[in-house]
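# Chain and residue survey
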Amino acid sequence: MMITHLSGIYIMRTCVDQLMALSHINGPRLKAEAAFISQRLESLKYRGKISNDAFLDAGSIQGAFEMIANLIDMGVPQTEIFSQLKQQLERARKLEIKYPGLNNAIESGRAS
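Here we summarise the structure given alongside this text. Small disclaimer: the values here were computed from a predicted structure and weren't measured. Along each chain, residues carry numbers from 1 onward, in the same order as the chain's sequence is written. Confidence filtering applies because this is a predicted model: local features only for residues at pLDDT of at least 70, side-chain atom pairs given and counted only at 80 or more, and all residues used for totals across whole chains, interfaces and linings. Note: side-chain values were computed over all heavy atoms of the structure, leaving out hydrogens and water.

### With respect to the overall build of the chain
Put simply, the rule is: The way it works is that DSSP assigns letters per residue, a run of H or I at least four long becomes a helix, a run of E at least two long becomes a strand, and they are numbered from the N terminus. Each residue gets one of three labels from its accessible area relative to the maximum for its type: buried under 20%, exposed over 50%, partly exposed in between, using a 1.4 Å probe on protein chains only. Pairs of residues are marked as contacts when any of their non-hydrogen atoms sit within 4.5 Å. Accessibility throughout is a Shrake-Rupley quantity obtained with a 1.4 Å probe, and a residue counts as covered only by protein chains that appear here.
Scanning the chain for helices and strands turns up 5 helices and 0 strands. What you see in the chain, going N to C, is helices and strands ordered as α-α-α-α-α. The proportion of buried residues among the 112 residues of the chain is 45%. The long-range fraction of contacts in the chain, counting pairs at least 24 apart against all pairs at least 6 apart in sequence, stands at 83%. Total accessible area on the chain stands at roughly 5900 Å², and carbon and sulfur atoms take up 54% of it.

Here it is, written out as structure tokens:
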């Protein structure tokens, strides 16, 4: 089943929610999450499990994670980091409507 269209499950909400639950977010953690998302998206696209549009749209969150990690490295206060993550949570909520099943597809590649 290729994930292509709209209609409600989680799109990377799991990883954003997990990050939001932390009391402090460090750059390496966020970079590792961005790398995981990148690898999973590439794998899913290569195997035909997601459309190019889903790949590109979901990649915007991965790119934002890398940007936020750079902000952390620059010493930006955690309050601003959490504000940036909240924006990604909103983006993820919109994407979960657009590409149902993507969160599960991404998270299925996470080691337990």
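### Observations regarding the pattern of salt bridges
This is how it is decided: Salt bridge criterion: a side-chain nitrogen from Lys or Arg within 4 Å of a carboxyl oxygen from Asp or Glu.
Taken as a whole and assessed by the stated rule, the structure comprises 3 salt bridges. In this structure, K98 and D57 form a salt bridge, with 2.9 Å as the shortest nitrogen-oxygen distance. Remark: D57 occurs in helix α3 (residues 52-73) and K98 occurs in helix α4 (residues 78-98); sequence separation between them is 41 residues. Its salt-bridge partner being E90, residue R93 comes within 3.8 Å of it at the nearest N-O pair. With R93 and E90 both in helix α4 and 3 residues apart, this pair spans about one turn of that helix.

### Considerations on the side chain of Q62
In this fold, Q62 is placed in helix α3. Residue Q62 is classed as buried on the basis of its relative accessible area, which comes to 15%.

### Things to note about the packing of aromatic side chains
Worth spelling out the cut-off: Ring pairs shown here join Phe, Tyr and Trp side chains whose ring centres sit within 6.5 Å, with only the six-membered ring taken for Trp; geometry is labelled stacked below 30 degrees between planes, edge-to-face above 60, and tilted in between. Ring-over charges, as used throughout, are those where CZ of Arg or NZ of Lys falls within 6 Å of the ring centre and within 35 degrees of the ring normal.
On inspection of all chains with the given rule, the structure shows 0 aromatic pairs. One cation-aromatic arrangement involves K45 over F55; the distance from NZ or CZ to the ring centre is 5.9 Å.

### Describing the nonpolar core
Within soluble globular proteins, side chains that are nonpolar generally end up buried alongside one another. Quick reminder of the rule: In plain words, nonpolar cores are sets of buried Ala, Val, Leu, Ile, Met, Phe, Trp, Tyr and Cys residues tied together by side-chain atoms within 4.5 Å.
Within the largest apolar cluster, 29 residues are counted, with the highest numbers of intra-cluster contacts made by I25, L30, L41, F65, I81, L85 and L102. If you list the elements that add at least two residues to this core, you get α1 (13-20), α2 (27-46), α3, α4 and α5 (102-107). It is α3 that provides the largest number of residues to this core, a total of 8 residues. Setting aside chain neighbours within four positions, we find L85 in contact with V16, L19, M20, I25, L30, F65 and I68.

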